[in-house]
Amino acid sequence: MARQAVIQVRDLVARYGEDIIFDRVSFDVYEGEIFVVLGGSGCGKSTLLKHLVGLISPDSGQVIIGGDDISRCDDATFQNVLKKIGVLYQGAALFGSMTLSENVALPIIEYTDLPQRSVATLVRMKLGLVDLDGYENHLPSEISGGMKKRAGLARAMALNPKILFFDEPSAGLDPVTSAELDNLIVHLNRSFGTTIVIVTHELQSIFAVAHRVIMLDKHARGIIAEGDPEYLRDHSQNPFVRQFFNRQTKKNRDGTEEK
Amino acid sequence: MKRFTGDLQSCNYEVSESGQGGITLHVQGKMDASNAATMIETFSDLVKDRQPRSLTVDLQKVSYLDDFGALVLVETRKMMSNGKNHFCLQNVNDEASKVLSILHFESLEKGDPFRKKRPPAMLIRLGEATIHHASDLKFLLSFLGSVCLSLLHVCLHPKSLRRDDTFLCMQKTGVDALPIVGLISFLLGLIMAFMSSVQLRQFGADIYVASLVSLSMTRELGPIMTAIIVAGRSGSAFAAEIGTMKISEEIDALFTMGFDPTRFLVIPKIIASIIVVPLLTLFSDVFAIIGGLVVGILTLDLTANAYITQTIKTLTLFDVFLGVFKSGVFALLIAWIGCLRGFQVKGGASSVGQATTSAVVSSIFLIILFNSVFSVILRYWE
Ligand SMILES: Nc1ncnc2c1ncn2[C@@H]1O[C@H](COP(=O)(O)OP(=O)(O)O)[C@@H](O)[C@H]1O
Ligand SMILES: [Mg+2]
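Residues numbered from 1 in each chain as written. Chains lettered and ligands numbered in written order. Predicted model: local features only at pLDDT ≥ 70, side-chain atom pairs only at ≥ 80, totals over all residues. Heavy atoms only, no water.

Draft legend 1. Quick look at the overall build of chain A. For chain A, the count of helices and strands is nine helices and 10 strands. For chain A, whose C-alpha radius of gyration is 19 Å, the value lies close to the compact-globule estimate of 18 Å for 259 residues. Dimensions along the principal axes, computed over C-alpha positions, put chain A at roughly 65 × 45 × 40 Å. Taking contacts inside chain A between residues at least 6 apart in sequence as the whole, the part at least 24 apart equals 63%. Of the roughly 12,300 Å² of accessible surface on chain A, 46% is carried by carbon and sulfur atoms. In chain A, the 28 positive side-chain charges and the 33 negative ones have mean positions that sit 2 Å from each other. (Helix = DSSP H or I, 4+ residues; strand = E, 2+ residues; numbered from the N terminus. Rg over C-alpha atoms; globule rule 2.2 N^0.38 Å. Contact = heavy atoms within 4.5 Å. Areas by Shrake-Rupley, 256 points an atom, 1.4 Å probe, with all protein chains shown as cover. Lys, Arg positive; Asp, Glu negative; His and termini not counted. Charge placed at Lys NZ, Arg CZ, Asp CG, Glu CD.)

So, in structure tokens, the structure goes:
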């Protein structure tokens, strides 16, 4: 059975001024999968993510989410697409002047007709889902980095979007917290059927959560590998991909290590 | 057995009665964000209408349930438990029970997370405000001290001044402000000359327009206007810059790298301001005099020569020095209070906004206050 593609990227070209970051990239993300974009620092992962959520318009090419080409559709359609997606930013991007519950409640109050009391209960459920019970009235400046990430996740999930985007969810977290976050991601994916797109270069996370990965490369300006991470680790044709997955340093042609 | 049915967007429900005042709700379809609000409303009306002894929700035909759906169930349960009545779920399928279990549906206590912290009693608030202001004052003094020490240090070791930063700050505070200072002073001179000419003309004292404009500008208005513009342009910028560095831990980074944040950030700003604001004031004086001159020539039939001679005759070197000295003091105040407010930032973005506002308001207050002090001193000195 062919699965349905919820995100289709076609011949996407991204550039900052004269620098072409990637050239004619195409891939699909299917419904209900955990899709990981990986690659070394500076290869354009965050740039790709910004294109996927419409923060940057592509130089050329298309990003199609649920059938709508977000770079060409009108404003109303784009607003509708935005309701289908949630984004967890690298620094969580919580609003500093609002408590955690106000942060999570904001989209719920704006976009649904739920009565105030029910919003309160729902917010409590959302925060409970990310293990933040009891922190409803804390300000973002009063909690730790891992907690901010989880609160950001609760806010991204506020309207149960069909697709969740994560920019480096484990950056800056200790291994235990980061593993917990991975579990949470898998959990959400299984229980709600949410499609999840993650940008990361954290190997352990990749093996723990990814159903499918694409790997970007700075020099190739595009995708150099696509598929199951474990398969790529062991069987990729591209030596650089195998090195990346096996955490080896760059080798020169003759097999000696680069200094 | 009676049955009622109702339609709710992507989901509909059916009510059946099951003896002893109990009813069963058969929900069919999706329970998600799209219909949660309507469902809550409908069910609460239903409960209110029929006052059932017990309520069973049958989820057999529910095809999708997420936390919004769970919310509907929680809210319905809450309504029932208000009257100490019985509530239960029936035919919960695997997926729904998974969702309900990760949401801790069973133990989800009834409470309101929006319990706003109640504002404390008035006396407590009064006390807290006093303590707050006292510690504010303490910080103000200690900041003043550290600024003085750093200034002293820079005077003794001029090499330790960050020269590039100082020049950049001089450009931003001084050169970039020149157009707006010039324009405002020119218009001010124009207006002053125009308004006073109407009065002075009645006495045939046209020529004294030149004296009035030049004297009031150099002694009072020039320094004040320039200082207020600089407070709005640069004082706010100092506060915002340092405040943002504070919340993004850049100040902490400076500290742990062994730099004194005051010497690193504040001294260049203070020195740059003290150098450029008096210069700006001189420009402001000149532009205002030119404004007056334009009015004099165009509406008063004065010659440029006569106007300028009168101006030179009126002004003494002391007046010019006084204006320059005052503006130097104002510059010190603006830079000091701007940086101080920046260092007082705590928390998030809104705090930066407050610091910026407060920097401008405090600078303007201090400018006016010090100007009054100068006036009083001069009154007895001259
Ligand atoms: N706003 C920008 N303007 C110009 N170049 C940028 C900008 N943002 C990123 N870049 C460049 O684009 C490349 C990819 O950046 P980014 O997508 O942030 O990488 P990654 O997230 O994979 O580490 C980098 O070489 C970076 O220098
Ligand atoms: Mg990045």
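Draft legend 2. Molecular detail of helix α1 (residues 45-52) of chain A. Across the eight residues of α1 of chain A, six count as buried, placing the element largely inside the fold. Taken together, the buried positions of α1 of chain A are occupied by K45, T47, L48, L49, H51 and L52 of chain A. (Buried < 20%, exposed > 50% of the residue type's maximum accessible area, 1.4 Å probe, protein only.)

Draft legend 3. Spatial organisation of the domain arrangement of chain B. Each domain of chain B was delimited in the assignment, giving domain 1 (2-107) and domain 2 (158-381). The straight-line distance from the C-alpha centre of domain 1 of chain B to that of domain 2 of chain B is 69 Å. (Domains from an automatic or database assignment.)

Draft legend 4. Fine view of the sheet that holds strand β5 (residues 68-69) of chain A. Residues and elements named next belong to chain A. Here we have four strands laid out as an open sheet, ordered β2-β1-β4-β5, and antiparallel in their pairing. Strand pairing shows two members of the sheet lacking a second neighbour, β2 (19-30) and β5, which therefore form its edges. Both strand β1 (residues 5-16) and β2 contribute to a ladder of eight bridges, which runs antiparallel. The residue bridging Q8 from the neighbouring strand is D28, located in β2. Contacts from α1 reach β1, β2 and β4 (60-65), with the element oriented near 120° to β1. (Pairing = 2+ DSSP bridges. Axes fitted to C-alpha atoms, helices over the stretch in contact; angles between N-to-C directions.)

Draft legend 5. Region of the structure containing the nonpolar core. L114, L153 and F245 of chain A together with M31 and L65 of chain B are the most contacted members of the largest nonpolar core, which totals 84 residues. Broken down by element, this core gets its largest block of residues, eight residues, from helix α2 (residues 67-82) of chain B. Beyond its immediate sequence surroundings of up to four residues, M31 of chain B is in contact with M39, L59, V62, Y64, L65, D66, G69, V72 and L73 of chain B. Counting 43 residues, the second largest nonpolar core, distinct from the first, contains L161, C169, L265 and W336 of chain B. (Core = buried A, V, L, I, M, F, W, Y, C linked by side-chain atoms within 4.5 Å.)

Draft legend 6. View of the pattern of salt bridges. Residue and element names in this part refer to chain A. The tally for this structure, following the rule as stated, stands at 14 salt bridges over all chains. Here R212 ties to E33 by a salt bridge, and the two come within 2.9 Å at their closest N and O atoms. Of this pair, R212 sits in strand β9 (residues 212-217) while E33 sits in the loop between β2 and β3 (34-38), and the two are 179 residues apart along the sequence. (Salt bridge = Lys/Arg side-chain N within 4 Å of Asp/Glu carboxyl O.)

Draft legend 7. Broad picture of the state of the cysteines. A full pass over the atoms with the stated rule returns zero disulfides over all chains. Unpaired in terms of disulfides, C155 of chain B finds its nearest cysteine sulfur in C148 of chain B, a separation of 11 Å. (Disulfide = S-S within 2.5 Å.)

Draft legend 8. The arrangement of the pairing of β9 of chain A in detail. Residues and elements named next belong to chain A. Within β9, six of the six residues are buried, which leaves the element mostly enclosed by the surrounding structure. Here β9 shows a buried face lined by R212, I214 and L216 and a second buried face lined by V213, M215 and D217. Direction of pairing for β3 relative to β9: parallel, over a ladder of four bridges. Across the sheet, the residue bridging to F35 is R212, located in β9. Inspection of the sheet shows β9 paired to strand β10 (residues 222-227) by five bridges, in the antiparallel sense. Following the sheet pairing, I214 is matched in β10 by E226.

Draft legend 9. Representation of the packing of aromatic side chains. Residues and elements named next belong to chain B. Taken as a whole and judged by the stated rule, the model has eight aromatic pairs over all chains. With a centroid separation of 6.2 Å and an interplanar angle of 85°, the aromatic rings of F318 and W381 are classed as edge-to-face. A residue pair is termed long-range when its members are at least 10 positions apart, and F318 in helix α11 (residues 317-343) and W381 in helix α12 (residues 349-381) qualify at 63 residues. Given a relative accessible area of 62%, W381 falls into the exposed group. (Phe/Tyr/Trp six-rings, centres within 6.5 Å; stacked < 30°, edge-to-face > 60°.)

Draft legend 10. Fine view of the interface of chain B and chain A. Taken together, the 27 residues of chain B in the interface contact 30 residues of chain A. Together chain B and chain A conceal approximately 2,600 Å² of surface at their shared face, both sides included; 65% is due to carbon and sulfur atoms. Inspection of the region where chain B meets chain A yields one salt bridge. Going through the elements one at a time, α1 (36-50), α2 and α3 (94-102) of chain B are the ones with two or more residues in the side of chain B that touches chain A. Counting residues per element, the side of chain B that touches chain A draws most heavily on α2 of chain B, which supplies seven residues. Its residues assigned to classes, the side of chain B that touches chain A shows 14 nonpolar, three polar and 10 charged. (Buried area = accessible area lost by both parts, 1.4 Å probe. Nonpolar A, V, L, I, M, F, W, Y, C, P; charged D, E, K, R; others polar.)

Draft legend 11. View of the sheet that holds β3 of chain A. All names here are of chain A. Read across the open sheet, the six strands follow the order β6-β7-β8-β3-β9-β10; overall the sheet is mixed. Of all strands in the sheet, those bounded by a partner on one side alone are β6 (85-88) and β10. Each strand of the sheet is rotated relative to its neighbour by a mean of 15°, with strand direction disregarded. Docked against the sheet, α1 engages β3, β7 (163-167), β8 (195-199) and β9, running at close to 155° with respect to β7.

Draft legend 12. Focus on the site of ligand 1. Residues and elements named next belong to chain A. With respect to spatial proximity, the complete set of residues near ligand 1 consists of Y16, I21, G40, S41, G42, C43, G44, K45, S46 and T47. Here a nitrogen atom of ligand 1 sits 3.4 Å away from a polar atom, N or O, in the side chain of Y16. The fraction of the free accessible surface of ligand 1 (560 Å²) that becomes covered by protein chains is 56%. (Near = heavy atom within 4 Å. Polar contact = N/O pair within 3.5 Å; in protein donor to acceptor, adjacent residues only side chain to side chain.)

Draft legend 13. Structural context of the packing of helix α3 (residues 100-111) of chain A against helix α5 (residues 145-156) of chain A. Residue and element names in this part refer to chain A. Closest axis-to-axis distance for the α3/α5 pair is 8 Å, and the angle between their directions is 25°. Relative to α5, the element α3 is oriented roughly parallel. Between α3 and α5 lies a crossing of right-handed hand. Between α3 and α5, the residues in contact are L100, N103, V104 and P107 and A151, A154 and R155, respectively. Residues that form the contact of α3 with α5 fall into these classes: five nonpolar, one polar and one charged. (Parallel < 35°, antiparallel > 145°, perpendicular 65-115°, else oblique. Left-handed = near helix turned anticlockwise from the far one by under 90°.)

Draft legend 14. Here's a closer look at a nonpolar patch on the surface. Taken together, the side chains of I180, L183, L187, I191, F194 and M195 of chain B present a nonpolar region at the surface, about 570 Å² in accessible area. Exposure remark for F194 of chain B: the relative accessible area of 45% places this residue in the partly exposed category. (Patch = residues over 30% accessible without salt bridge, like charges linked within 9 Å, V, L, I, M, F, W, Y side chains within 5 Å.)

Draft legend 15. Structural detail: the environment of K149 of chain A. All names here are of chain A. Relative to the assigned elements, K149 resides in helix α5. The exposure class assigned to K149 is buried, which follows from its relative accessible area of 4%. Sequence separation between K149 and D11 is 138 residues, and the spatial gap between their C-alpha atoms is 32 Å. Leave out the neighbours within four places in its chain, and K149 touches L88, Y89, Q90, A92, E168, P169, A171 and L173. Of the polar contacts made by the side chain of K149, one reaches the backbone oxygen of Q90; its length is 3.3 Å.

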